[in-house]
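# Working through the structure, step by step
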Amino acid sequence: MRHHLILRVVTKLLVGTIILFAFYVQFHGDFSPGGGFQAGVIMAVAFILYGVVFSLRKAQKVFPPWLVHKLVALGVLIYAGTGIVSLFLGYEYLDYGAFSPHHPEHGQHYGILIVELGVGITVTGVMVAVYYAFAARPPRISDEEW
Amino acid sequence: MATETTHHVAMTLSDHLPVLAILVPFVAAPLCVLLGSRSLTWPITFLASAASFVTSFLLLLSVIDGGFISYHIGGWAPPLGIEYRVDAANAFVLFLVTGISTIVLPYARESVKSEIPERHHTLFYACFLLCLTGLLGVAVTGDAFNVFVFLEISSLSTYVLIAQGSYRDRRALTAAYDYLIMGTIGATFFVIGLGMLYMATGTLNMADLADRIADQGANRTVRAAFAFIVVGIGLKVAIYPLHLWLPNAYTYAPSAVTAFLAATATKVAVYVLMRFLFSVFQPSFLFEVNTLEFMIIPFAILAMFAASFIAIFQTDLKRLLAYSSIAQIGYMLLGIGLLNESGVAAAVAHLFNHGITKAVLFMGVGALVLRSGGSFFDRIEGMGKLMPWTSAAIVIGGLSLIGVPGTAGFLSKWLLVQGALEKGWWPIAILVVLSSLLAVIYVWRIVEAMYLRSPASDIEAKEAPLSMLVPIWIMAIACIYFGFATDITLTASHTAAQGLLAGPVGLH
């Protein structure tokens, strides 16, 4: 990839923008189309693009596989944990009204933000993990043996 | 800004029991991965499973005499919101699934250590917990689409669990892949059926679905939905011609996984089938009666004979037991097809009894695999002398499989025969007895190999470790206990059968 100057420069420019857009989709998801799933995929695209252009090794330096696995679990825990908090506040599981008892609508706003954050983290993790799993697979037969 | 204030009565822990049974293993799974500690994973898994077991037991106690508990996820009332609904039928299934997992886990520790490399243990137990979550969720939910979601959670983790057997035998990979293809086709059929039901009725809540189907009667959409759902779930149940994924999956999966899955996964699918046949659709529809009478019953009888017959000629003990499972599923389906209280009660009771029976047998085989290095008949010869305790437990399991009086298996076959006679279908009662004779043959083959042959010269097996023997024997004693103390099973299965056969009324 050393000689693909344009690709490298454009990728470096794009990665930041993509991540920024992912955050926009993530946190604006309750007003406009978007949310955790879309944002997670967009976020993962930033890392996958980086990996495709600059090699898997460099991508894994930025975002090591062990961290990817932890994030997958963390997102699920954030989602389930939100429900558990509402459960401890004396409401039904995942009843976001619990977060603002006098204004259930506000509570629902907070609740969906946190839950979507969890979704976003897990989706990012899963997409990157899928990419790593496929890209890191050593070829069964090396090219010379054909 | 909204200024309204709403009054809320705080809920207590006991109100949350239906969701806690699912939530504890569900949260424990990512926790295991996040902590990533090999020493902590197993205790967390076991505690989660045990907590879920206690919860399920409390739920069973509160609904065993009829009635149900309804829990609204997110505070959204059904039919719009997702509802968890616990009655005698699914509390019984919850109790079985959590009970088996709690007993299999201590056993799994040694077995998994010898069959799966240590670096995968954390993820293995996380998958185990997810599988448990899925199975429990399928049982507890009262929302038809939620059934699909949980079914997928359990199936996807099951594929991974089966593939873990590849360190012992590479064929586990193709077995898992076969199951993945078949399971996905099943799930797709199921969800297509649900889509049609949604189109016809505009709702996904089971109780609401039942009402609306009863109101509008049978039409082509509902009939097509019925067909898709029966075939879809049928693949998961392993109804006879749809069973091809099962023998390989059970044979090549790690021993602990086989013990857990054989005792729970198909049983939960049978429960879902009953729920849809009796609660969502009504047995009063002609197309349903016809399906049961001309499709389910003949295939059930075919399974009872054909699968038992194939089992007799197997050279691998695990595979023999897998085919025997297909035959036993035939008994459950026959009970369902009889469409009377004894028959359905027999199906529910057999679901439980066969669960504990197969748990003993597969755990016993797992112990043999650990010590003798394989489950082929030439590896288990003479084990009656080398591993007396394990072998004795396998024999008890085998007796229960045949349905010898005094074991759990007898009770459900008795109910089944009774159900057939009540209907006046005495040839079917005779067929049940005849097919049990086939079970005598394959169980005798196991006994003969273990007790009447001398061990192969290269085997120096000693008795299985205590951590495996104790769970095996808990299950073996349960096989005998539930054969004598029949009240618990009978009460629960009759209440469940009444609830199920009451049709949509049973959901209110």
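Residues numbered from 1 in each chain as written. Chains lettered and ligands numbered in written order. Predicted model: local features only at pLDDT ≥ 70, side-chain atom pairs only at ≥ 80, totals over all residues.

Okay, the overall build of chain B next. Along the backbone of chain B there are 20 helices and two strands. Here the C-alpha atoms of chain B give a radius of gyration of 22 Å, agreeing with the 23 Å that 2.2 N^0.38 yields for 508 residues. Considered along the principal axes of its C-alpha atoms, chain B spans approximately 80 × 60 × 40 Å. Residues counted as buried form 62% of the 508 residues belonging to chain B. Here the contacts in chain B between residues at least 6 apart in sequence split such that 80% fall between residues at least 24 apart. (Helix = DSSP H or I, 4+ residues; strand = E, 2+ residues; numbered from the N terminus. Rg over C-alpha atoms; globule rule 2.2 N^0.38 Å. Buried ≥ 20, exposed ≤ 12 C-beta atoms within 10 Å, placed from the backbone. Contact = placed C-beta atoms within 7 Å.)

In this structure, Phe92(B), Val104(B), Ile162(B), Val348(B), Val360(B) and Met475(B) are the most contacted members of the largest nonpolar core, which totals 240 residues. Filtering out sequence-adjacent residues up to four positions away, Phe92(B) remains in contact with Leu60(B), Val348(B), Phe352(B), Ala492(B) and Ala496(B). (Core = buried A, V, L, I, M, F, W, Y, C linked by C-beta atoms within 7 Å.)

Turning our attention to the packing of helix 5 (residues 144-163) of chain B against helix 6 (residues 171-201) of chain B. Residues and elements named next belong to chain B. For the pair helix 5 and helix 6, the least separation of the axes is 9 Å and the interaxial angle reads 175°. Between helix 5 and helix 6, the interaxial angle falls into the category roughly antiparallel. Residue-level contacts link Ala-144, Phe-145, Phe-148, Leu-151, Glu-152, Ser-155, Tyr-159, Ile-162 and Ala-163 of helix 5 to Ala-172, Leu-173, Ala-175, Ala-176, Tyr-179, Leu-180, Gly-183, Ala-187, Phe-190, Val-191, Leu-194 and Leu-197 of helix 6. Its residues assigned to classes, the contact of helix 5 with helix 6 comprises 18 nonpolar, two polar and one charged. (Axes fitted to C-alpha atoms, helices over the stretch in contact; angles between N-to-C directions. Parallel < 35°, antiparallel > 145°, perpendicular 65-115°, else oblique. Nonpolar A, V, L, I, M, F, W, Y, C, P; charged D, E, K, R; others polar.)

So, on to helix 17 (residues 408-422) of chain B. Residues and elements named next belong to chain B. Taking 1.5 Å per residue, 15 residues should reach 21 Å; helix 17 reaches 22 Å between its end C-alpha atoms and fits that length. Along helix 17, eleven of the 15 residues are buried, which leaves the element largely enclosed by surrounding structure. Among the residues making up helix 17, those that are buried are Ala-408, Gly-409, Phe-410, Leu-411, Ser-412, Lys-413, Leu-415, Leu-416, Val-417, Gly-419 and Ala-420. Contacts made by the buried residues of helix 17 are with helix 12 (317-338), helix 13 (341-372), helix 16 (388-402), helix 18 (426-452), helix 19 (466-484) and helix 20 (486-501). (Expected span 1.5 Å × (residues − 1).)

This brings us to unusual backbone geometry. Cis geometry is found at the peptide bond from Pro78(B) to Pro79(B), where omega equals 10°. Within the fold, Pro79(B) resides in the loop between strand 1 (69-72) and strand 2 (83-86). Here Ser55(A), not a glycine, exhibits a phi torsion of approximately 90°, which is positive. As for its position among the elements, Ser55(A) is in the loop between helix 2 (36-54) and helix 3 (56-62). In this structure Ser55(A) comes out as partly exposed when scored by C-beta crowding, with 13 C-beta atoms within 10 Å.

Turning to the UniProt feature "domain: Na+/H+ antiporter MnhB subunit-related protein" (unreviewed entry) in chain A, a few remarks are in order. The UniProt feature table records "domain: Na+/H+ antiporter MnhB subunit-related protein" (unreviewed entry) at residues 6-128 of chain A. In the segment residues 6-128 of chain A, helix accounts for 79% and strand for 0%; the C-alpha atoms at its two ends are 24 Å apart. (UniProt positions renumbered as here; feature names shortened; annotations may be inferred.)

Turning to the interface of chain B and chain A, a few remarks are in order. Taken residue by residue, the interface counts 19 residues in chain B and 20 residues in chain A. Split into classes, the residues belonging to the side of chain B that touches chain A amount to twelve nonpolar, seven polar and no charged.

This part takes up the packing of helix 11 (residues 286-312) of chain B against helix 12 of chain B. Residues and elements named next belong to chain B. As a packed pair, helix 11 and helix 12 sit with axes 8 Å apart at the nearest point and diverge in direction by 155°. Judged on the interaxial angle alone, helix 12 and helix 11 are roughly antiparallel. The handedness of the crossing between helix 11 and helix 12 is left-handed. Contact residues: helix 11 offers Leu-292, Glu-293, Ile-296, Ile-297, Ala-300, Ile-301, Ala-303, Met-304, Ala-307, Ser-308, Ile-310 and Ala-311, while helix 12 offers Leu-320, Tyr-323, Ser-324, Ile-326, Ala-327, Ile-329, Gly-330, Tyr-331, Leu-333, Leu-334, Ile-336 and Gly-337. A class-by-class count of the residues in the contact of helix 11 with helix 12 yields 19 nonpolar, four polar and one charged. (Left-handed = near helix turned anticlockwise from the far one by under 90°.)

A few words now on the environment of Leu501(B). Residue and element names in this part refer to chain B. Of note, Leu-501 is situated in helix 20. We classify Leu-501 as partly exposed; it has 19 C-beta atoms within 10 Å. Linking Leu-501 and Asn-353, residues 148 residues apart in sequence, is a C-alpha distance of 21 Å. If sequence neighbours within four positions are ignored, Leu-501 has contacts with Phe-278, Glu-341 and Val-344.

Let's shift gears to the UniProt feature "domain: NADH:quinone oxidoreductase/Mrp antiporter transmembrane" (unreviewed entry) in chain B. Taken from the UniProt record, the annotation "domain: NADH:quinone oxidoreductase/Mrp antiporter transmembrane" (unreviewed entry) applies to residues 143-438 of chain B. For the annotated span residues 143-438 of chain B, helix accounts for 83% and strand for 0% of the residues, and the straight-line distance between the end C-alpha atoms is 40 Å.

Glancing now at the UniProt feature "transmembrane region" (unreviewed entry) in chain A. Using the residue numbers shown here, the UniProt feature "transmembrane region" (unreviewed entry) corresponds to residues 5-25, 37-56, 68-90 and 110-134 of chain A. The distance from the first to the last C-alpha atom of residues 37-56 of chain A is 24 Å, and the span holds 95% helix and 0% strand.

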